[in-house]
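Coordinates in review
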Amino acid sequence: MALKGRDLLAIRDLTREEIEEVLAASRRMLPYARGQKVGAQLDGRVLTLAFFEPSTRTRLSFETAMARLGGRSVTIADSSSTSLRKGESLYDTIRVISQYGDAIVLRHPNEGAARLAARASDRPIINAGDGAGEHPTQTLIDLAAIREAYGKLTGLTVTLLGDLKYGRTVHSLARALALFGATLVLSSPPSLRLPAPVREDLDRAGIRIEEVPNVPEAVRRADVLYVTRIQRERFGDDAEYAQVAGSYRVDPPLLEGVGPKMIVLHPLPRTGEISPEVDASPHAAYFRQAFLGVPVRMALLNLILAGRSS
Amino acid sequence: MALKGRDLLAIRDLTREEIEEVLAASRRMLPYARGQKVGAQLDGRVLTLAFFEPSTRTRLSFETAMARLGGRSVTIADSSSTSLRKGESLYDTIRVISQYGDAIVLRHPNEGAARLAARASDRPIINAGDGAGEHPTQTLIDLAAIREAYGKLTGLTVTLLGDLKYGRTVHSLARALALFGATLVLSSPPSLRLPAPVREDLDRAGIRIEEVPNVPEAVRRADVLYVTRIQRERFGDDAEYAQVAGSYRVDPPLLEGVGPKMIVLHPLPRTGEISPEVDASPHAAYFRQAFLGVPVRMALLNLILAGRSS
Amino acid sequence: MALKGRDLLAIRDLTREEIEEVLAASRRMLPYARGQKVGAQLDGRVLTLAFFEPSTRTRLSFETAMARLGGRSVTIADSSSTSLRKGESLYDTIRVISQYGDAIVLRHPNEGAARLAARASDRPIINAGDGAGEHPTQTLIDLAAIREAYGKLTGLTVTLLGDLKYGRTVHSLARALALFGATLVLSSPPSLRLPAPVREDLDRAGIRIEEVPNVPEAVRRADVLYVTRIQRERFGDDAEYAQVAGSYRVDPPLLEGVGPKMIVLHPLPRTGEISPEVDASPHAAYFRQAFLGVPVRMALLNLILAGRSS
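Rules used in this analysis
- Residues numbered from 1 in each chain as written.
- Chains lettered and ligands numbered in written order.
- Predicted model: local features only at pLDDT ≥ 70, side-chain atom pairs only at ≥ 80, totals over all residues.
- Least-squares fit on C-alpha atoms with pLDDT ≥ 70 in both.
- Pairing = 2+ DSSP bridges.
- Helix = DSSP H or I, 4+ residues; strand = E, 2+ residues; numbered from the N terminus.
- Axes fitted to C-alpha atoms, helices over the stretch in contact; angles between N-to-C directions.
- Contact = placed C-beta atoms within 7 Å.
- Nonpolar A, V, L, I, M, F, W, Y, C, P; charged D, E, K, R; others polar.
- Buried ≥ 20, exposed ≤ 12 C-beta atoms within 10 Å, placed from the backbone.
- Parallel < 35°, antiparallel > 145°, perpendicular 65-115°, else oblique.
- Left-handed = near helix turned anticlockwise from the far one by under 90°.

Focus: the relation of the copies chain A and chain C
The two copies are related by a screw motion: chain A maps onto chain C through a turn of 120° and a shift of 0.0 Å along the axis, at an RMSD of 0.0 Å. In the structure described here, the two chain copies are related by an operation that fits a three-fold rotation axis. Looking at the rotation axis and the C-alpha trace of chain A, the residue lying nearest is Arg 72 of chain A, at 5.0 Å.

Topic: the sheet that holds strand β6 (residues 183-187) of chain A
Residues and elements named next belong to chain A. With parallel pairing, the 5 strands of this open sheet are ordered in space as β7-β6-β5-β8-β9. The two strands at the open ends of the sheet, each matched to only one other strand, are β7 (208-211) and β9 (263-265). Between one strand and the next, the sheet's axes are offset by a mean angle of 20°, whatever the strand orientation. The pairing of β6 with β7 spans 4 bridges and is parallel. In the strand pairing of β7, Thr 183 is matched with Arg 208. Set on the sheet, helix α7 (residues 168-178) makes contact with β5 (157-161), β6 and β8 (224-227); between it and β5 the angle comes to about 165°.

A closer look at the interface of chain B and chain A
Contacts between the two partners involve 22 residues from chain B, matched on the other side by 21 residues from chain A. For the side of chain B that touches chain A, the secondary-structure elements that each account for two or more residues are β1 (46-51), β2 (72-76) and α4 (90-97) of chain B. Here the side of chain B that touches chain A is built from residues that sort into 6 nonpolar, 8 polar and 8 charged.

Considerations on the pairing of strand β8 (residues 224-227) of chain C
Residue and element names in this part refer to chain C. On β8, burial covers both faces: Val 224 and Tyr 226 on one face and Leu 225 and Val 227 on the other are all buried. Where strand β5 (residues 157-161) lies against β8, 4 bridges are found, and the strand directions are parallel. Each residue of the ladder has a partner; that of Leu 161, found in β8, is Val 227. By the bridge criterion, 3 bridges tie β8 to strand β9 (residues 263-265) in an arrangement that is parallel. Considered in β9, the bridge of Leu 225 is made with Val 264.

Examining α4 of chain B
The buried fraction of α4 of chain B is high, at 6 of 8 residues. Burial in α4 of chain B covers these residues: Asp 92, Thr 93, Ile 94, Arg 95, Val 96 and Ile 97 of chain B. Against α3 (56-68) and α12 (286-291) of chain A together with β1, β3 (103-108) and α5 (113-120) of chain B lie the buried residues of α4 of chain B.

Quick notes on the interface of chain A and chain C
Taken together, the contacts link 22 residues of chain A with 21 residues of chain C. Where the side of chain A that touches chain C is concerned, the elements lending two or more residues are β1 (46-51), β2 (72-76) and α4 (90-97) of chain A. For the side of chain A that touches chain C, the leading source of residues is α4 of chain A, giving 4 residues.

Overview of the environment of Leu 164 of chain C
Residue and element names in this part refer to chain C. One can find Leu 164 in the loop between β5 and α6 (168-178). For the pair Leu 164 and Leu 186, spaced 22 residues apart in sequence, the C-alpha to C-alpha distance is 8.0 Å. Excluding its chain neighbours within four sequence positions, the residues that come into contact with Leu 164 are Val 170, Leu 186, Ser 188, Leu 192, Arg 193 and Leu 194.

A closer look at the packing of helix α7 (residues 168-178) of chain B against helix α8 (residues 196-204) of chain B
Residue and element names in this part refer to chain B. For the pair α7 and α8, interaxial distance at closest approach is 9 Å and the crossing angle is 10°. With respect to their mutual orientation, α7 and α8 come out roughly parallel. Where α7 abuts α8, its residues His 171, Ala 174, Arg 175 and Ala 178 lie against Val 198, Asp 201 and Leu 202. Each residue belonging to the contact of α7 with α8 can be placed in one class, and the counts come to 4 nonpolar, 1 polar and 2 charged.

With respect to the packing of α4 of chain A against helix α5 (residues 113-120) of chain A
Residues and elements named next belong to chain A. Where α4 meets α5, the axes come as close as 8 Å, and the angle between the chain directions of the two elements is 50°. By the angle between their axes, α4 is oblique relative to α5. Like other packed secondary-structure pairs, α4 and α5 cross with a definite hand, here right-handed. Listed contacts from α5 to Leu 90, Tyr 91, Ile 94 and Arg 95 of α4 are Ala 113, Leu 116, Ala 117 and Ala 120. Looking at side-chain class alone, the contact of α4 with α5 contains 7 nonpolar, no polar and 1 charged residues.

Everything listed is a geometric property; what it means functionally is a separate question.
As structure tokens, then:
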């Protein structure tokens, strides 16, 4: 594999083999991520974080990943303090700052911003979310959490529960799972079903998909229950939001009778979709999933910046 | 002593012996804090600073402390860019980010936030101020400044001047001084006297307390004059603020006739409570006190993260 | 040369020989700045960046410069989160934070702030822009870009195009070029001519100056074309701004017939003064100029903090 020096703009930039290599490398990062071993793999490397909208945990986990490998970060934490305010184009901003560090992690509110940045930059661009576009490192984390629980990614039934319309993370995850021959169970409020173009892509990729609106049934089918947040900001009307948001909630009764290995994932932050009472359940894997942000991003940075997988 | 891996939520979490050990360790940190020696004690360690309200000098001094010992910091400088805005609970935020670095320094506007954070986190929480609650590292700095001037903490008369009602720092300092057998002289405007419950705690702890409303007399009694800022934001009414704020001001005439070793401390920022003309006085110790923020926090981080006192 | 421990408040603080030494040192920094060599010259050093107004690329390039030499930065990225809001004086703020790190890089909206800071601080102050005052590291970068293109600074004709009235950078650059015997060609809209006091200073310094309002002629004369942004915020009236802003624009036709070595510089951000079509031209040197911010600041920090020129 040669991820060295490459951009990561979308999960589809990676082959199945490359995804597997990132996940294998991320397992080797675990003792460093926990602070049990001190890493120096990225000594002397500088990562530029250009966050044109805030995303605290994504930013902190990238910065922690660099620090755990001995590297440094320089950071724009939000756009209010940049030359964009003086009328500069994103192209110019990226072209300038891409000359400082060894790679850029970009977060931007506009879809397509990462691809534009890649044209402006001689150094690798890692997309950390561009609006309704992509957030490929989140998908790698999701896959790492599944891989850790089952030791494999193939042959699993993954139930996607909640907002399947606007949820960027579920679209990318579904596409990635298609590479590994998963079965998808879709369970969403009628107004938040998977968009037709995404569905057609998945059908073309040959993944098996079933729509199971009945939530308890969709949950019982799952090896992995992937829950998404319903984003209040998507609804003009608070009453409409409340109705949809109240239509599913993962709580202990819902998890009665599921298989012993079944895991619940959520990209976080959650609002009311998963009851805090679930946190103590052996099925709750969403905090572990959040932790995996560090080793997965360590692996990726090490591969892209240094061409090393350990 | 075993501070390693422990939380520091309130000054009363520390025994007299533990306080003395932190102060002794902070003296050993001085050459590193001044940049005369390069430290590597915390090489590979990552400190997360989670500041949900801004506090620039506290944040910078913690970050400098890590840097001087070879460690790294990842920082939330203010809450406007966090998932709390998306409706996430503080519990979830802390539970996620506590998995990234080796400890969290928390600043939060709400009293009790540090204790809540400690429940969410497997890693040590250091309280850097939680509203009307505690700010224990400030108290350690205050004690370090007194210890440095007198070579001891016992048997001193400490005059607390100013806002003794809302001033969180004087409450914690008074409680800590009680462990060392100090005499407290209290001097405040009538509307800003020490609250009864704090007074009762101190009485129970056996510290000698005298109320001396006459400012010149209270100053003459002092080995240490600890001045506090009157916080404008506590007063609904500007006229009331002006009256109280004008009721005391430390200036050169007020310091005439004090003992040669007497020191003036202030947690800073000051507004008008200490005249800039005092800065040149041999009694002025408040800028030195501010500097001690670095070695004291170095000592504390080294003890908590690495279990080392040098 | 002994820059070690010195302030850099204005370009005139440096002699011609000192400027040449900084530029020579910055050339030695190139392999470190590009990430081809890992530097450790500033291992253990801490730089405090105190930005009381935002300036992202200046801040990032200083932070990158420290990181590339193995040093650390602690940063105030903007003033909204400082004790100045609580009524603290700039003097107090600087006096406190100057005790933390080994030097301060100061950005402030008010002219004279850097000089005030230098009085408050025992450690070096590097002025990174104080309102209408000075921004000496930008001038060093401009000179480095010219020096890199021509291998010398003497005997060149430098055309200053655009806002010569408010443009802080062109005033400092003109003063520095006077040390090296350049010829200046001034070309600006009538309302934005070089202020008389600056002009008189330059005349006294013995630099040859010609005013050439005709833009194509001014461009043809240039070995170096230095273009400035017209700052919208300087104009009360949008129509007036539009008229002035439209009066010059560097585009490919304007560059036809210039000498083969002629370079176009701009301190960036640009708005409409240079067409993006110029970016592909061999004359376009403004992105390279932006990159040079890193090695020039590395050289300066290495000289000031460690007294070393490589």
